[in-house]
Amino acid sequence: QVQLVESGGGLVHAGGSLRLSCAGAASGNIFRINAMGWYRQAPGKERELVATITSSGSTNYADSVKGRFTISRDNAKNAVYLQMNSLKPEDTAVYYCNAYANPLNSRTTFVYWGQGTQVTVSS
């Protein structure tokens, strides 16, 4: 019902920057998107939290990215962004957009995931 599309991934050198974008679009019923976030998964590892942001703007970051990454959102566009600075090789992973949404006039919450975008940081 809610489609999340990420963009902005790519290949950069260590110390470089990337800006990831994710936009949510609902089909069928109208949804209200609440919290959004970014997760990542490296080969052979489990998916891990990178950053989250609530509809009111409260943010949470993994310790490994604090001071380097910044999450933000545009509620009017149902979009969430991740500015990644001072990238390190260990940041290499597939990054996934995440969103919690409620159908209009409902308090039932559903979770959705994007298809992922590859971020590769070379030494």
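Placed above this text is the structure.
Definitions and limits used
Residues numbered from 1 in each chain as written. Predicted model: local features only at pLDDT ≥ 70, side-chain atom pairs only at ≥ 80, totals over all residues. Heavy atoms only, no water. Core = buried A, V, L, I, M, F, W, Y, C linked by side-chain atoms within 4.5 Å. Buried < 20%, exposed > 50% of the residue type's maximum accessible area, 1.4 Å probe, protein only. Helix = DSSP H or I, 4+ residues; strand = E, 2+ residues; numbered from the N terminus. Contact = heavy atoms within 4.5 Å. Phe/Tyr/Trp six-rings, centres within 6.5 Å; stacked < 30°, edge-to-face > 60°. Lys NZ or Arg CZ within 6 Å of the ring centre and 35° of its normal. Salt bridge = Lys/Arg side-chain N within 4 Å of Asp/Glu carboxyl O.

Among the nonpolar cores identified, the biggest contains 30 residues, and W38, L82, M84 and Y95 are the most heavily contacted of them. If you list the elements that add at least two residues to this core, you get strand 1 (2–7), strand 3 (18–26), strand 4 (31–41), strand 5 (48–53), strand 7 (69–74), strand 8 (79–84), strand 9 (93–103) and strand 11 (117–122). The greatest single-element share of this core, amounting to five residues, is contributed by strand 9. Among all residues touching Y95, those that are not within four sequence positions of it are E6, L20, W38, Y39, R40, V50, F69, L82, M84, G116, T117 and V119.

This paragraph deals with the side chain of D91. With respect to the helices and strands, the residue D91 is situated in the loop between strand 8 and strand 9. Owing to a relative accessible area of 1%, D91 belongs among the buried residues under this scheme. The residues contacting D91, other than those within four sequence positions of it, are R40, R68, F69, S86, V119 and V121.

On to the packing of aromatic side chains, then. Per the counting criterion, the structure on display carries two aromatic pairs. The interplanar angle of 85° and the centroid separation of 6.1 Å between the aromatic rings of F31 and Y112 together place this pair among those described as edge-to-face. Of the two residues, F31 sits in strand 4 while Y112 sits in strand 10 (residues 110–113), which places them 81 residues apart along the sequence. Like F31, the residue Y112 is buried in the burial classification. Where Y39 meets W113, the ring centres are 5.0 Å apart and the plane angle is 65°; that geometry is what we call edge-to-face. Here the residue Y39 occupies a position in strand 4, and W113 occupies one in strand 10, the gap between them amounting to 74 residues. A residue is classified by how much of its surface remains accessible, and Y39, at 16% relative accessible area, is buried. On the basis of relative accessibility, which here comes to 37%, the residue W113 falls in the partly exposed class. In this structure, R47 is placed above the aromatic ring of Y96, and the distance from its NZ or CZ to the ring centre is 3.8 Å. One residue, R47, lies across the ring of W113, its end atom 4.6 Å from the ring centre.

This part is about the pattern of salt bridges. Within the structure shown, the criterion is met by four salt bridges. As a salt-bridge pair, K66 and D63 come within 3.3 Å of each other at their nearest N and O atoms. Of the residues examined, D63 reaches a relative accessible area of 64% and is grouped as exposed. Through salt bridges with shared partners, a single ionic network connects R40, E48, R68 and D91.

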